[in-house]
Amino acid sequence: MSKKIYLCLAHMSGQEMKYIQEAFDTNWVVPLGPNVNGFESDLKEFVGQNKEVVALSSGTAAVHLALLACGVGVGDEVIAQSFTFCASTNPIVYLGATPILIDSEPDTWNMDPALMEEAIKDRIEKTGRKPRAIVVVYLYGMPPKIDEIMAVAAKYDIPVVEDAAEGFGSKYKGQISSTFGDYGVLSFNGNKMITTSGGGALICPTEEAKRTIMWYATQAREAYPYYQHEAIGYNYRMSNICAGIGRGQMTIVQEHLDHHRHIAQLYAEAFAQVDGITFHHEMEGMESNYWLSTILLDEQLKVRNEHLAYAEGIHEAVGGAAGVVHMGATIHTDCEPNRNVEAMRICLDHADIESRPLWKPMHKQPVYRLAPCYTNGVSEALFKKGLCLPSGPCVTDDDCRRIIETIKGSIL
């Protein structure tokens, strides 16, 4: 029996236990301490651009606090990318605001700048107010057309939050992701480029902004000899233990980036020779970290055992999501991957290879059925044809060859 190949698992450097042991030895087992300070310093050096960094409990927390810092509140509207994971949009709702969902352009699969501007003008006309903020995503590590997005944001004077949870280490014209907008979001979940087991960080423009974010992240305590609260705060700081893992991970971050790009190159070369399969490449001037390598299957491509696709419901979350998930009410929804994509996922699963459909667009999610959306059909078409392949630091060249041969062998 061959080993199970997972989509993207963390890989340890060997240095993590040193920092964790120091935390235990010095009794810093709390959401602050030397490792938190050290990790923030490491991240600040990595992202550059004179930015400040706050280590937090998750990337979702970082999105939430970034929006709060941008002044988002009850009744506001926030421009958001539809083609993404829900952690990019849910914090908008946490604040009592409404996401305005924008479709993608076909080159990077990220927010379409022209459609975004159309939406801004339309929201101003309809509501008399401009959106309070813009959240743009680095989907699967691919940089968006950030110059164009920032130009539109500047034209209407709207702050930008870069959700680079999937884009740690990606670059646009040589500049690191998460440093173009007003705030930048990073994630260190167990499946990201580097991990702290769970955690995230917010890239801030100034020291003052950093202090404000840290204040909100530590329950917004006032400077009194007792607990005085004049604003709603959150328990969002990263623990000293998790930060110790992060410090160890920072010693191998370039190794991880190089490996993801190497695996992507192996896939790109292999699938260039396969009719009906398209590998998603970065554009000129962009450097994707290829957090996940992705392919599109032509609708006419025939895959073995397509009759098994959607033959029965899924009993757990595809992608190995931890925790409790609801059983689906039906086998089908009104927007789902094509039968050949689901058949390919099943073929890979039977070979002990984890794969996953692309993110289902937020404007097709039942929870966002009432959110205004501006669509062009791009993200829905990609969702129906796309598949994410194992890409993490634990994927070897031999693993990659087995994945490629399994995919080729599943085509009729």
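For the structure, see preceding data.
Bear in mind that the values here come from a model prediction, so they are computed numbers and not experimental data. (Residues numbered from 1 in each chain as written. Predicted model: local features only at pLDDT ≥ 70, side-chain atom pairs only at ≥ 80, totals over all residues. Heavy atoms only, no water.)

Q: Kindly report on the sheet that holds strand β3 (residues 98-102), identifying the contributing residues and their values.
A: Reading across the sheet, the eight strands line up as β1-β9-β8-β5-β4-β2-β3-β14 and stay open at both edges, with mixed pairing between neighbours. Here the strands that pair on one side only, and so sit at the sheet edges, are β1 (52-56) and β14 (373-374). Pairing analysis gives five bridges linking β1 to strand β9 (residues 200-204), with the strands arranged antiparallel. Note on β9: the bridge partner recorded for Glu52 is Cys204. Packed onto the sheet, helix α3 (residues 59-69) meets β1, β2 (77-81), β4 (133-137), β5 (160-163), β8 (183-187) and β9 and runs at close to 170° relative to β8. (Pairing = 2+ DSSP bridges. Helix = DSSP H or I, 4+ residues; strand = E, 2+ residues; numbered from the N terminus. Contact = heavy atoms within 4.5 Å. Axes fitted to C-alpha atoms, helices over the stretch in contact; angles between N-to-C directions.)

Q: Which residues make up the pattern of salt bridges, and what values go with them?
A: Within the structure shown, the criterion is met by 18 salt bridges. The salt bridge involving Lys4 is made with Asp349; its shortest N-O contact spans 3.6 Å. Taken together, the positions of Lys4 in the segment before α1 (16-25) and Asp349 in helix α10 (residues 339-350) put the pair 345 residues apart, joining distant regions of the chain. Residue class for Lys4 comes out partly exposed when judged on its relative accessible area of 29%. (Salt bridge = Lys/Arg side-chain N within 4 Å of Asp/Glu carboxyl O. Buried < 20%, exposed > 50% of the residue type's maximum accessible area, 1.4 Å probe, protein only.)

Q: With reference to specific residues and values, describe unusual backbone geometry.
A: Most peptide bonds take the trans configuration, and most residues that are not glycine carry a negative phi. If you check the backbone angles, Gln49 has positive phi at about 60° while not being a glycine. Relative to the helices and strands, Gln49 resides in the loop between α2 (34-47) and β1. A residue is classified by how much of its surface remains accessible, and Gln49, at 45% relative accessible area, is partly exposed. Positive phi, close to 55°, is recorded for Asp157, a residue that is not glycine. Within the element layout of this structure, Asp157 appears in the loop between α6 (146-156) and β5.

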